[in-house]
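Inside the fold
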Amino acid sequence: MNIAVIGAAGGVGRQVVSQLGQAGHQVRALVRTQAQADMMTLHGAMPNMGDLTGEWKQVLDGADAVVWAAGAGMSGQYQAIDGDALENVADTLSQQGPKRFVVVSSMGVDRPEAMPPFLIPVLKVKAVSDAHVQESGLDFTIVRPGGLSDQPGTGRVQIGLQAPRGQIAREDVARVVVACLMDDNTVGKTFEVIGGDMDVHDALAAI
Ligand SMILES: NC(=O)c1ccc[n+]([C@@H]2O[C@H](COP(=O)([O-])OP(=O)(O)OC[C@H]3O[C@@H](n4cnc5c(N)ncnc54)[C@H](OP(=O)(O)O)[C@@H]3O)[C@@H](O)[C@H]2O)c1
């Protein structure tokens with residue numbers, strides 16, 4: 001498959017690019033700097049320089065599916081990135097394709113008040129943009145991970161409509177994203193995921 005990764009230089013995005021490449025897929029990677037572009041080339045991906053607040057659509061050329069792994073992070077620009085930019089990408093895909101769209105969102109989007117207070121603003125923004133994706137008519141999957149870590153992944157997860165609060169390795173979030181791209185059972189589904197004891201494919205088959 002040809003897959004466009006948005007947020008390709010981020011923690012989860014880098015893992016997605018790497019795993020897709022290892023699985024033999026063609027990857028187009030949206031990045032913001034030349035250094036990130038060089039890193040993508042080293043991983044065998046085709047970089048596209050762009051910015052979600054400006055020009056970015058070239059990354060979609062030839063794509064069969066799109067992964068969203070972007071986020072405002074420490075910049076705090078939640079409305080611009082996790083909100084408006086995600087909705088803009090979904091609208092663009094609705095108009096011109098491709099239809100398959102896997103989004104990395106966050107645990108707690110459906111219950112921000114139950115999450116740590118510092119997360120409430122971004123979760124409230126993501127709640128609106130996730131709903132926009134769900135109503136877009138796209139073949140979406142929304143993956144809502146718990147707290148992200150840079151520990152090595154285990155390949156084993158717990159998935160549920162609402163999972164217990166917990167952590168998951170970025171490497172394992174990427175495994176889930178890559179598995180979703182290959183698994184039509186995940187189309188139209190939104191779920192939370194943390195580290196657990198089920199094989200990723202078995203856990204996805206059970207949703
Ligand atoms: N941190 C957590 O514990 C946690 C928990 C649950 C869910 N999440 C969510 O999971 C997702 C992935 O998290 P992560 O930690 O892997 O993210 P990350 O490392 O912060 O990466 C986010 C990526 O988005 C890119 N980005 C931001 N603004 C952009 C713009 N205007 N144009 C193009 N790209 C832009 C960044 O580009 P640059 O590299 O150029 O800055 C970066 O590559 C995010 O949506 C996050 O909110 C995080």
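This text goes with the structure placed above it.
A few points on the structure.

Calculation criteria
Residues numbered from 1 in each chain as written. Predicted model: local features only at pLDDT ≥ 70, side-chain atom pairs only at ≥ 80, totals over all residues. Axes fitted to C-alpha atoms, helices over the stretch in contact; angles between N-to-C directions. Helix = DSSP H or I, 4+ residues; strand = E, 2+ residues; numbered from the N terminus. Parallel < 35°, antiparallel > 145°, perpendicular 65-115°, else oblique. Left-handed = near helix turned anticlockwise from the far one by under 90°. Contact = placed C-beta atoms within 7 Å. Nonpolar A, V, L, I, M, F, W, Y, C, P; charged D, E, K, R; others polar. Near = placed C-beta within 6 Å. Pairing = 2+ DSSP bridges. Expected span 1.5 Å × (residues − 1). Buried ≥ 20, exposed ≤ 12 C-beta atoms within 10 Å, placed from the backbone. Right-handed = clockwise from strand over helix to strand, strands pointing away. Core = buried A, V, L, I, M, F, W, Y, C linked by C-beta atoms within 7 Å.

A short note on the packing of helix α1 (residues 11–22) against helix α5 (residues 170–181)
Where α1 meets α5, the closest approach of the two axes is 8 Å, and the angle between their N-to-C directions is 55 degrees. Taken together, α1 and α5 sit at an angle that is classed as oblique. Note that α1 runs across α5; the crossing there is right-handed. Of the residues in α5, those in contact with Gly11, Val12, Gln15, Val16, Gln19 and Leu20 of α1 are Arg170, Glu171, Val173, Ala174, Arg175, Val177 and Val178. Its residues assigned to classes, the contact of α1 with α5 comprises 7 nonpolar, 3 polar and 3 charged.

Looking at the site of the ligand
Around the ligand, the surrounding shell holds 23 residues, and the nearest of these are Gly10, Gly11, Ala70, Gly71 and Gly73. For the shell around the ligand, the leading source of residues is α1, giving 3 residues. Partitioned by chemical class, the residues of the shell around the ligand number 11 nonpolar, 9 polar and 3 charged.

Looking at the sheet that holds strand β10 (residues 189–195)
Strand order in the open sheet formed by 9 strands is β3-β2-β1-β4-β5-β6-β10-β8-β11, and the pairing between neighbours is mixed. Each of the sheet's edge strands pairs with one partner strand only, and the pair in question is β3 (46–49) and β11 (198–199). In this sheet, strand β6 (residues 139–145) lies alongside strand β5 (residues 100–104) in parallel orientation, the contact comprising 5 bridges. Paired with valine 104 across the bridge in β6 is valine 143. With respect to the sheet, α5 is in contact with β1 (2–6), β4 (65–68), β5, β6, β8 (156–160) and β10, its orientation differing from that of β6 by roughly 165 degrees.

Concerning α1
Note: α-helices contain 3.6 residues per turn, so residues at a spacing of three or four share the same orientation. The first and last C-alpha atoms of α1 sit 17 Å apart over 12 residues, in line with the 16 Å expected at 1.5 Å per residue. Three or more residues of α1 are buried, namely Val12, Gly13, Arg14, Gln15, Val16, Val17 and Leu20.

Points about the environment of glutamine 34
Of note, glutamine 34 is situated in helix α2 (residues 34–42). Separated by 48 residues in sequence, glutamine 34 and aspartate 82 have C-alpha atoms that sit 23 Å apart.

Quick word on the pairing of β5
Counted residue by residue, β5 has 5 buried out of 5 residues, so it is predominantly covered. Neither face of β5 is exposed, since Arg100, Val102 and Val104 on one face and Phe101 and Val103 on the opposite face are all buried. Bridge analysis of β4 against β5 gives 4 bridges, and the strand direction is parallel. In the sheet register, tryptophan 68 faces β5, and the bridge partner there is valine 103. Taking the sense of rotation as the criterion, the β-α-β connection linking β4, helix α3 (residues 79–96) and β5 turns out right-handed. Following the backbone out of β5, through helix α4 (residues 120–134) and into the adjacent parallel β6, one traces a crossover that is right-handed.

Overview of α5
An ideal rise of 1.5 Å per residue puts 16 Å on 12 residues; α5 measures up with 17 Å between its terminal C-alpha atoms. Buried residues dominate α5, accounting for 12 of its 12 residues. For α5, the full list of buried residues reads Arg170, Glu171, Asp172, Val173, Ala174, Arg175, Val176, Val177, Val178, Ala179, Cys180 and Leu181.

Looking at the nonpolar core
Judged by nonpolar contacts, the single largest core of 62 residues is most densely connected at Val5, Ile6, Val143 and Val177. Looking at which element gives the most residues to this core, the answer is α5, with 8 residues. Sequence-distant contacts of valine 5, defined by excluding residues within four places in its chain, comprise Gly13, Val16, Val17, Val27, Ala29, Leu30, Val67 and Ala69.

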